[in-house]
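# Survey of secondary and tertiary structure
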Amino acid sequence: MSPRPPLPPFTEATARQKVQAAEDAWNTRDPERVAGAYAVESVWRNRHEFLTGRAEITEFLRRKWSRELDYALRKDMWSFHGNRIAVRFQYESHDAAGQWYRSYGNELWEFDEEGLMRRREASINDVPIDESERRIFGPRPEEERGQSFPLH
């Protein structure tokens, strides 16, 4: 496995780079691309699901994006230390019936020495919204990079 820079221990700049890279990857909604950032035996808790390994992560992401349509995400670094980063995020998506949701969450990330995420814990809450309340439209524009996203 080749290294996935930036590598820990993180500085503020490299931690922010890692967070933006994760946001960019997740906004592609490409399960294989996203799963490639995780260690082969990465361990996840995502809401009520517990996953181990890239294969389970890839399948989880396929299921996720088959029901969370037009998914668009914003991540903000909360804190970092050594090989760990804490992130807050928001994303919007709609279901097959057309109901829109804004999902708020926090993630705890731990990386191995190669820069692959070996542990991810995510707590997420969904809020139904009207389509007119949407604030996230696709990947973050270049002019918004580095900016914190408002809470509501």
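Presented here is an overview of the structure given in this document. Fair warning: this is a prediction, and the values are worked out from it, not measured in the lab.

What counts, and at which threshold
- Residues numbered from 1 in each chain as written.
- Predicted model: local features only at pLDDT ≥ 70, side-chain atom pairs only at ≥ 80, totals over all residues.
- Heavy atoms only, no water.
- Buried < 20%, exposed > 50% of the residue type's maximum accessible area, 1.4 Å probe, protein only.
- Helix = DSSP H or I, 4+ residues; strand = E, 2+ residues; numbered from the N terminus.
- Pairing = 2+ DSSP bridges.

## Points about the pairing of strand β4 (residues 84-94)
Burial analysis of β4 places 10 of its 11 residues in the buried class, the great majority of the element. The loop that links strand β3 (residues 69-81) with its antiparallel partner β4 comprises 2 residues; one of these, G82, has a positive phi angle of about 60°. One ladder, built from 11 bridges, connects β4 with strand β5 (residues 100-111); its direction is antiparallel. In the sheet register, Q90 faces β5, and the bridge partner there is Y104. If you look at the hairpin formed by β4 and β5, you'll find 5 residues sitting between the two strands, and G98 has a positive phi there, around 95°.

## Considering unusual backbone geometry
Residue P6 is bonded to the preceding P5 through a cis peptide linkage, with omega at 0°. With respect to the helices, strands and loops of the structure, P6 is situated in the segment before α1 (12-28). Phi angles above zero are rare outside glycine, and R29 is one such case at about 55°. Mapping R29 onto the fold places it in the loop between α1 and α2 (31-35). For R29, a relative accessible area of 35% translates into the label partly exposed. A positive phi angle, close to 55°, is found at D70, a residue other than glycine. With respect to the helices, strands and loops of the structure, D70 is situated in strand β3.

The values are spatial; any link to function lies outside them.
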